[in-house]
Amino acid sequence: MALNENVVLEQNERIAELVRTPAFLVAASSLTGLAVATSVENGIAIGAVSAVAIVAMALVARPLRALTGIWTRIPVLLMVSATIVTLVSFAVRIIDPLIYQNLGIYLPLAAVNGIVAAFIYDDGFAGGPAKGSTMGTALFCAVCAFCTLTFVGFINGMFATGAVFGLTMNELAASPIAIFGTPAGSLLVLALVCAFVNSIVDAARKSAEGGER
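Please read these numbers as outputs of a predicted model, since none were measured by experiment. (Residues numbered from 1 in each chain as written. Predicted model: local features only at pLDDT ≥ 70, side-chain atom pairs only at ≥ 80, totals over all residues. Heavy atoms only, no water.)

Looking only at helices and strands, the chain features 10 helices and 2 strands. From first element to last, N terminus to C terminus, the chain shows the α and β order α-α-α-α-α-α-α-α-β-β-α-α. With 213 residues in all, the chain has 38% of them scored as buried. Within the chain, counting contacts between residues at least 6 apart in sequence, those at least 24 apart form 73% of the total. Accessible surface computed for the chain: about 11,900 Å², of which carbon and sulfur atoms make up 70%. (Helix = DSSP H or I, 4+ residues; strand = E, 2+ residues; numbered from the N terminus. Buried < 20%, exposed > 50% of the residue type's maximum accessible area, 1.4 Å probe, protein only. Contact = heavy atoms within 4.5 Å. Areas by Shrake-Rupley, 256 points an atom, 1.4 Å probe, with all protein chains shown as cover.)

Put into structure tokens, the structure is as follows:
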């Protein structure tokens, strides 16, 4: 029995260590918007909405915990997150109705990021480069969501249509790569971003170890 408990504890420690890495935060903050980040404009819009949802729900997570009970917590979080995303969606609709139409159902889905942020930061979660600060971690996630989805949209738009910011590159437009502009292509780009983040973290760790010797 003790052996099983030790195994469980070890697995929990490994999971906790994994979810506090910058690469995991990058992936988790971007997943809900990947499918619709098919152009740089769409990437910027869904990235901004996701970032606002993450920061807003991280700010209200603990106050809501103090005001809600165990049975009302989840419904209240759902309503607050959906309200925040709906208000931001109205702003997107006013700024650019075409992008609002392109994003469709994926705009409300950004509320999922807000719900996850509320549960995570409610428990004092801190990871990535801001290991000592819960709010710093939330801001890092928000920046990651915006930058990653913008980059995914840029790559998808460039290789799928050859068009970026209204400019068309004839060579790419003449021979588009089919995988880009699809969810599979977005996941591929996200994997490359996570690999890049891991390489930076690894380089920083080796540099710190070298400085201590």
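Moving on, we come to the side chain of Asn42. Of note, Asn42 is situated in helix α3 (residues 40-67). Residue Asn42 is classed as buried on the basis of its relative accessible area, which comes to 6%. Every residue in contact with Asn42, bar those within four places of it in the chain, is listed here: Val36, Ile99, Asn102 and Leu103.

Between α3 and helix α4 (residues 73-95), whose axes approach to 10 Å, the crossing angle comes to 150°. Note that α3 runs across α4; the crossing there is right-handed. On the side of α3, the interface is formed by Val49, Val52, Ala53, Ala56, Met57, Val60, Ala61, Leu64 and Arg65, while α4 contributes Arg73, Val76, Leu77, Val80, Ser81, Ile84, Val85, Val88 and Val92. For the contact of α3 with α4, the class distribution of residues is 15 nonpolar, 1 polar and 2 charged. (Axes fitted to C-alpha atoms, helices over the stretch in contact; angles between N-to-C directions. Left-handed = near helix turned anticlockwise from the far one by under 90°. Nonpolar A, V, L, I, M, F, W, Y, C, P; charged D, E, K, R; others polar.)

Val26, Val49 and Leu103 are the most contacted members of the largest nonpolar core, which totals 29 residues. For this core, the secondary structure elements donating two or more residues are α2 (22-30), α3, α4, α5 (97-103), α8 (134-160) and α10 (183-212). The residues touching Leu103, leaving out its near neighbours within four places in the chain, are Val36, Asn42, Ala45 and Ile46. Core analysis: the second largest hydrophobic core is formed by 6 residues, Ala56, Met57, Leu77 and Ile84 among them. (Core = buried A, V, L, I, M, F, W, Y, C linked by side-chain atoms within 4.5 Å.)

Before going further, it helps to examine α4. End to end, α4 covers 33 Å across 23 residues, agreeing with the expected 33 Å (1.5 Å per residue, within 8%). When α4 is considered as a whole, its buried residues turn out to be Arg73, Leu77, Ser81, Ile84, Val85, Val88, Ser89 and Val92. (Expected span 1.5 Å × (residues − 1).)

Here we take up a nonpolar patch on the surface. There is a patch of nonpolar side chains on the surface, built from Ile105, Leu109, Val112 and Val116 and spanning about 320 Å² of accessible area. As for its position among the elements, Val112 is in helix α7 (residues 111-122). Take Val112: its relative accessible area is 40%, and that puts it in the partly exposed class. (Patch = residues over 30% accessible without salt bridge, like charges linked within 9 Å, V, L, I, M, F, W, Y side chains within 5 Å. Salt bridge = Lys/Arg side-chain N within 4 Å of Asp/Glu carboxyl O.)

Attention shifts here to the confidence of the model for the chain. Put simply, the chain has an average pLDDT of 77, and 76% of its residues get 70 or more. No element of the chain has a lower mean pLDDT than helix α9 (residues 170-174), at 63, and none a higher one than α5, at 85. (pLDDT = per-residue confidence, 0-100.)

With that settled, the discussion passes to α8. Compared with an ideal rise of 1.5 Å per residue, which puts 27 residues at 39 Å, α8 spans 38 Å between its outermost C-alpha atoms and is within 8% of the ideal. Gly162 occupies a position one or two residues after α8 and carries a positive phi of about 80°.

Taken as a whole and assessed by the stated rule, the structure comprises 0 disulfides. A disulfide-free cysteine, Cys141 has its sulfur positioned 6.3 Å from the sulfur of Cys144, the nearest such atom. (Disulfide = S-S within 2.5 Å.)

This paragraph deals with the side chain of Ser39. Along the chain, the position of Ser39 falls in the loop between α2 and α3. Not counting the four nearest positions on each side in its chain, Ser39 is found in contact with Gly153, Phe154 and Gly157.

When you line up the elements, Phe154 lands in helix α8. Its relative accessible area of 29% is what places Phe154 among the partly exposed residues. Residues Phe154 and Asn42, spaced 112 residues apart in sequence, show a C-alpha to C-alpha distance of 9.1 Å.

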